[in-house]
Amino acid sequence: MNYNSPGHRPNPYNTQATYRQKRTSSITGALLCAILFLVVILVALIVIAARNKNPIDDVPDIPSVTDSTPASGEDLPALPPPADPIMTETYDPAFIGPPAPITEPDSVIVTVSNSDIHTGNLILINKDHPYVFPDEQPQTTLYGNKSPVYQLSTISISLNKSLFPIFDGMLVDFSKATGCNKVLVTSGYRSYDFQKDLYESRVKSQGEEKASLYVALPGNSEHHAGLAIDMVIFADGRQYYFPEYEDAAWIIENAPEYGFFLRYTEKAQEITGCAPEPWHYRYVGAPHARLITDMDRCFEEYHEYLRTFTWAEDRLLVLSDGTTETTDGFHLPDAGYMIYYVPSAEGDTTDIPVPPESQYEISGDNDAGFIVTVKLG
Ligand SMILES: [Zn+2]
């Protein structure tokens, strides 16, 4: 087959032109695709950006405080209701919330001289705490003043003036209750010289070791304060100690109600250093004598106990039925006693807080502070 040589006639199949056309259309298509792709990407970015828009931009404008604050005297806008409390399985419906904070109770201050530490019904007198004799020591001689329902071993016996009517009243009540008039008072107030003679006489007859078991050294006897009484029963021509005589059980039982307690017991001997003395009663006041007796503590131990109660921290309550508890906040009972200790301050005086308009008694402890007894109700 004879084919014409190229170039003599238009070649409908000019391959070079066709190629150029094809190439041109191919470039245009790619360009369109790229533009389309870019458009799609751009749209996608706009959509994503719109979705991720910062939510804080959506918070509506908060009206200014100044604008919404009511004028003085207007009602404040109601607060939104509180969120529901989170309940747990351990929730106790009886729980009423934490205790109210303890605040200082109302008080007035009584200023006392630090020398008064050696005076009062609660002073501790023993071999380590000698009695400090005051300039004046009012005593009442029993002879000529006492009721006729008990007897005296000598006419010189006297007692602390404030204590005498209480003691006399106790023996009147004893006589009324039992019909017994056989109490014999053998000792009350003693001067230093009287105690000195007594002690030296006992040392001569029994030796120093035994004498010191029964007779305090001069200056260290409770009798110096007029707050101690020795008494027995005199019947059938002889003396009986109270535990030996049936009617005297009334005194043993009721003496604390009048403020007296048995000072030297067998149990206390290790601490007091004194032999048991069933005849020696000490006056301290009703709530204290009852506590000492019921707690079965000796006076030295009782002083240690009272020092744990202070006005600011914890005070001892003695309720009307004789039971005790400590102050719970400041909810005090209507009746009974409140007792606390105040250490003496540096210097010449000590400020002692007491409840306003209360009936109270302040006694030195003859050591380092004061014991306050407040009558409640
Ligand atoms: Zn005595």
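Residues numbered from 1 in each chain as written. Predicted model: local features only at pLDDT ≥ 70, side-chain atom pairs only at ≥ 80, totals over all residues.

**A look at the overall build of the chain**
Then step 1. Counting its regular elements, the chain contains nine helices and 15 strands.
Then step 2. Taking all 377 residues of the chain together, the buried fraction comes to 25%.
Then step 3. In the chain, of all internal contacts separated by at least 6 residues, the share reaching a separation of at least 24 is 66%. (Helix = DSSP H or I, 4+ residues; strand = E, 2+ residues; numbered from the N terminus. Buried ≥ 20, exposed ≤ 12 C-beta atoms within 10 Å, placed from the backbone. Contact = placed C-beta atoms within 7 Å.)

**Comments concerning the environment of Tyr-305**
Then step 1. As for its placement among the helices and strands, Tyr-305 is situated in helix α9 (residues 299–306).
Then step 2. A residue is classified by how many C-beta atoms lie within 10 Å of it, and Tyr-305, with 16 of them, is partly exposed.
Then step 3. C-alpha separation for the pair Tyr-305 and Tyr-341, spaced 36 residues apart in sequence, amounts to 9.9 Å.

**Some points on the confidence of the model for the chain**
Then step 1. Residues with a pLDDT of 70 or more make up 71% of the chain, whose mean pLDDT is 81.
Then step 2. Predicted confidence for residues 52–77 stays below pLDDT 50, and this span has three contacts to residues more than four positions away or in other chains.
Then step 3. This stretch, residues 82–93, has a pLDDT under 50; its non-local contacts, to residues over four places away or in other chains, come to zero contacts. (pLDDT = per-residue confidence, 0-100.)

**Topic: the sheet that holds strand β11 (residues 324–326)**
Then step 1. The strand order across the open sheet formed by five strands is β11-β10-β12-β15-β14, and the pairing between neighbours is antiparallel. The sheet terminates laterally at β11 and β14 (359–364), the two strands that pair on one side only. Here the average twist between neighbouring strands, direction ignored, is 25 degrees.
Then step 2. Bridging between strand β10 (residues 316–318) and strand β12 (residues 336–343) involves three bridges; their strand directions are antiparallel. Paired with Val-318 across the strands is Tyr-337, a residue of β12. (Pairing = 2+ DSSP bridges. Axes fitted to C-alpha atoms, helices over the stretch in contact; angles between N-to-C directions.)

**A few points about unusual backbone geometry**
Then step 1. The backbone phi angle of Asp-296 is positive, close to 55 degrees, even though this residue is not glycine.
Then step 2. Within the element layout of this structure, Asp-296 appears in the loop between α8 (286–295) and α9.
Then step 3. Phi at Glu-357 takes a positive value of approximately 50 degrees, unusual for a residue other than glycine.
Then step 4. Positionally, Glu-357 belongs in the loop between β13 (349–354) and β14.

**A word on the nonpolar core**
Then step 1. Grouped together as the largest cluster of nonpolar side chains are 59 residues, with contacts concentrated most on Phe-261, Tyr-281, Ile-339, Tyr-340 and Val-372.
Then step 2. Here the element with the most residues in this core is β12; it accounts for six residues.
Then step 3. The residue makeup of this core includes at least three contributed by each of domain 1 (100–122 + 297–377) and domain 2 (125–283). (Core = buried A, V, L, I, M, F, W, Y, C linked by C-beta atoms within 7 Å. Domains from an automatic or database assignment.)

**Some remarks on helix α4 (residues 192–206)**
Then step 1. In this model α4 runs 21 Å from its N-terminal to its C-terminal C-alpha over 15 residues, within 8% of the 21 Å that 1.5 Å per residue would give.
Then step 2. Phi for Gly-207, located one or two positions after α4, is positive at around 90 degrees. (Expected span 1.5 Å × (residues − 1).)

**Quick word on the pairing of β13**
Then step 1. Of the two faces of β13, the one holding Thr-350, Ile-352 and Val-354 is buried and the one holding Thr-349, Asp-351 and Pro-353 is not buried anywhere.
Then step 2. Relative to β13, strand β1 (residues 108–113) is paired through six bridges, and the arrangement is antiparallel. Opposite Val-110, over in β13, you have Ile-352 as the bridge partner.

**Focus on helix α3 (residues 164–178)**
Helical geometry note: an α-helix holds 3.6 residues per turn, so side chains three or four residues apart project in the same direction.
Then step 1. The end-to-end C-alpha distance of α3, which contains 15 residues, comes to 21 Å, matching closely the 21 Å that a straight helix rising 1.5 Å per residue would cover.
Then step 2. When we look at burial in α3, the residues that qualify are Phe-164, Phe-167, Met-170, Leu-171 and Phe-174. The buried residues of α3 occupy an angular sector of 130 degrees when the element is viewed end-on, so they sit on one face. Exposed residues on α3 whose side chains face more than 90 degrees from its buried face are Pro-165, Gly-169, Lys-176 and Ala-177.
Then step 3. Among the structural elements, β2 (139–141), β4 (158–160), β5 (183–187), β6 (228–235) and α6 (249–254) are those in contact with the buried residues of α3. (Arc of directions from axis to C-beta.)

**Comments concerning the environment of Val-215**
Then step 1. Inspection of the secondary structure assignment puts Val-215 in the loop between α5 (208–214) and β6.
Then step 2. Judged by the 19 C-beta atoms lying within 10 Å of it, Val-215 is partly exposed.
Then step 3. Separated by 13 residues in sequence, Val-215 and Arg-202 have C-alpha atoms that sit 7.7 Å apart.
Then step 4. Look past the residues within four positions of Val-215 in its chain and what remains in contact with it is Leu-198, Tyr-199 and Arg-202.

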